[in-house]
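Examining the three-dimensional arrangement
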Amino acid sequence: MKIHFREQYGTKGEEILYVTPADQSNIVRVPLRGDRLVIQEKFLLFRVLQNIFLPKGYPDSVSDDYAAYQIWDTVQAFCSTICGTLCTHAILKGIGVGSENVNAYSATVTWILKEGCGHLGRIIFAWWQGSQLDVDSKKWRLRADFLNDLAMGIEIYVLPKYPHLSTQILCGSTMLKAIVGVAGGATRAALTQHHAVRGNLADVASKDSSQETCVNLIASFVGLYLLTMIKSQAMLYTVFYIVVTLHLYANLKAVRAVCLRTFNESRYLIALEEFFRSSHMLTPQQVNKLERVTVGQMVSVSLNIRLGLSVKHLIDEYKSSNVIENIVSSFDPHERFIIAESKKYLGVYLHFDTRPQDVLKAYFFAVSYLQDRNQIKEQYWDIQGKWQEFLNLAQQEGWLINQHLLLVDEYRLDWKA
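Per-chain numbering applies: the sequence of each chain, read as written, is numbered from 1 onward. With pLDDT at 70 or above as the cut-off, local features in this predicted model cover only qualifying residues; side-chain atom pairs require 80 or more to be listed or tallied, and sums for whole chains, interfaces and linings still use all residues. Only hydrogens and water are set aside when side-chain values are computed; all heavy atoms of the structure are taken into account.

**Some thoughts on the packing of helix H12 (residues 311–318) against helix H13 (residues 321–329)**
Angle between the axes and distance between the axes are the two parameters that describe a pair of packed helices. One way to put it is that H12 packs onto H13 with a least axis distance of 9 Å and a crossing angle of 125°. In terms of axis orientation, H12 runs oblique to H13. Note that H12 runs across H13; the crossing there is right-handed. For the pair H12 and H13, contact is made by Leu-314, Ile-315 and Tyr-318 and by Val-323, Ile-324 and Ile-327, respectively. Under this grouping Gly is polar, as are all residues other than the nonpolar Ala, Val, Leu, Ile, Met, Phe, Trp, Tyr, Cys and Pro and the charged Asp, Glu, Lys and Arg. Taken together, the residues of the contact of H12 with H13 break down into 6 nonpolar, no polar and no charged. Axes, fitted as lines to C-alpha atoms, cover a helix only where it is in contact. Angles between the N-to-C directions of the axes lie from 0 to 180 degrees. Secondary structure elements are defined from DSSP: runs of H or I of at least 4 residues count as helices, runs of E of at least 2 residues count as strands, and each element is numbered from the N terminus. Small angles under 35 degrees read as roughly parallel and large ones over 145 as roughly antiparallel, with 65 to 115 read as roughly perpendicular and the rest as oblique. Take the far helix as your reference; a near helix turned counterclockwise from it by less than a right angle gives a left-handed crossing, and one turned clockwise gives a right-handed crossing. By the convention used here, residues are in contact when the closest approach between their heavy atoms is within 4.5 Å.

Written out as structure tokens, the structure is:
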């Protein structure tokens with residue numbers, strides 16, 4: 001027997017040999033049947049659902065944390081839809097549906113004002129916090145769902161008690177939901193981009209949408225069934241509390257399951273603290289496990305570091321040209337940043353030719369400076385050597401060092417003319 005080819009669909013698929021038996025001249029297809037294949041053949045429905053709801057090439061076409069994230073994301077979507085069903089019922093009662101004292105016109109006015117506040121809220125929030133959604137996608141993902149639950153809680157608990165203020169209450173809760181729409185959609189896009197390791201962003205996004213649509217459909221019917229079972233406000237409050245608690249827990253588990261390989265300030269400071277302490281580089285998995293996804297940071301600096309400042313801040317602080325020239329001369333002429341301390345922050349001023357890796361390097365130098373205020377000029381080349389060591393270790397551990405998620409302002413300057 002001569003073996004011509006061995007074929008496999010992905011790393012988890014069926015293995016097949018294409019061979020020519022000793023007594024034949026034609027090539028024959030021979031499946032290599034293992035236990036995994038037998039199980040998959042028994043559960044044909046499983047394979048059909050995988051083709052419908054999972055990206056092509058799964059699991060090789062997505063990041064390692066995709067499955068864990070999607071499981072918890074499915075749970076939170078299920079809970080969110082049930083809460084939404086209960087809230088829709090409360091809203092319709094709040095605006096007077098079924099009451100003889102409320103006409104269709106007044107209900108329409110209330111609904112339009114509510115939606116108008118939502119549109120306004122989306123615009124204001126996108127302007128106010130849009131740049132933060134990439135920087136702290138995990139935190140804003142969690143915050144978005146917390147605000148969504150808060151808005152629904154207002155509609156469930158407050159609206160029935162103050163029906164004469166239904167318009168004002170609904171406008172306020174809808175503005176909260178508008179923030180959820182912007183923050184949730186933007187952070188979902190950031191996480192989808194992280195999961196799409198083969199540039200298959202559209203495929204991952206569309207399958208994610210299919211999963212959520214299916215879950216929402218099932219949860220809507222479950223919510224309708226619960227509405228028929230709820231006979232009192234106390235029972236409604238109890239069901240809502242239980243579902244919201246599960247919703248927040250599932251969201252927390254979902255964002256904690258995500259392992260981002262790009263440095264934002266929080267992850268960068270965690271990695272830098274360990275490196276400066278032990279010369280050891282933490283893996284993305286270790287850093288993501290330590291990163292706080294609720295409030296605050298695991299590691300902080302003694303002085304706020306601001307990147308990409310206008311040189312006007314530097315001139316206003318020091319004024320003297322001799323002092324400023326001395327600051328510039330502290331750095332190698334080929335460097336694409338300079339660092340200077342002021343009373344309220346440590347300013348990092350970037351050159352026109354600055355690249356993402358230069359920003360990471362500038363932040364590294366800034367943190368080094370805060371450990372010893374005198375060391376940039378006196379120990380510049382020692383810091384340079386440490387940076388190269390850090391960079392090499394980060395690459396070995398799988399960090400993406402040609403991009404970053406640090407918050408950087410847009411001012412650039414040239415001091416080499």
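**Topic: helix H14 (residues 356–371)**
One full turn of an α-helix is made of 3.6 residues, so residues set three or four places apart face in the same direction. Every helix has an expected span of 1.5 Å times one less than the residues it contains. Its 16 residues give H14 an end-to-end C-alpha distance of 23 Å, which sits within 8% of 22 Å, the value for a rise of 1.5 Å per residue. Think of it in three bands: residues with accessible area under 20% of the maximum for their type are buried, residues over 50% are exposed, and the middle band is partly exposed, with areas taken using a 1.4 Å probe on protein chains only. Of all 16 residues in H14, 13 are buried, a share of seventy percent or more.

**Focus: the packing of aromatic side chains**
Two rings from Phe, Tyr or Trp (for Trp, the six-membered ring) form a pair when their centres sit within 6.5 Å of each other. Planes less than 30 degrees apart are called stacked, planes more than 60 degrees apart edge-to-face, and all others tilted. Applying the stated rule across the entire model yields 23 aromatic pairs. On the basis of an interplanar angle of 80° and a centroid distance of 5.3 Å, the ring pair of Phe-275 and Phe-390 is categorised as edge-to-face. With Phe-275 in helix H10 (residues 265–278) and Phe-390 in helix H16 (residues 380–396), the pair connects residues that are 115 residues apart, well separated along the chain. Aromatic pair Phe-331 and Tyr-380: ring centres 6.3 Å apart, planes at 85°, arrangement edge-to-face. Pair noted here: Phe-331 is in the loop between H13 and strand E5 (337–341) and Tyr-380 is in helix H16, with a separation of 49 residues, a long-range link. One exposure class covers both Phe-331 and Tyr-380, and it is buried.

**Considerations on the sheet that holds E5**
Pairing between strands is defined by DSSP: at least two bridges between the two strands are required. Taken in spatial order, the 3 strands make up an open sheet running E4-E6-E5, and their pairing is mixed. Of all the strands in the sheet, just strand E4 (305–307) and E5 have a single pairing partner and so form its edges. Put simply, the sheet's adjacent strands are angled 20° from each other on average, direction ignored. Relative to strand E6 (residues 346–350), E4 is paired through 3 bridges, and the arrangement is parallel. By the bridge assignment, Leu-307 is partnered in E6 with Val-348. Across the face of the sheet, H12 comes into contact with E5 and E6 while running at roughly 40° to E5. Relative to the sheet, H14 contacts E4, E5 and E6, its axis offset from that of E5 by approximately 30°.

**So, the sheet that holds strand E1 (residues 2–8)**
With respect to topology, 3 strands assemble into an open sheet ordered E1-E2-E3, the strand pairing being antiparallel. Both outer strands of the open sheet, E1 and strand E3 (28–32), are each paired with one neighbouring strand and no more. Along the sheet, successive strands turn relative to each other by an average axial angle of 25°, direction set aside. Bridging between strand E2 (residues 15–20) and E3 involves 5 bridges; their strand directions are antiparallel. When the sheet's bridge partners are listed, Tyr-18 is paired in E3 with Arg-29.

Functional significance is not addressed by these values, which are geometric in nature.
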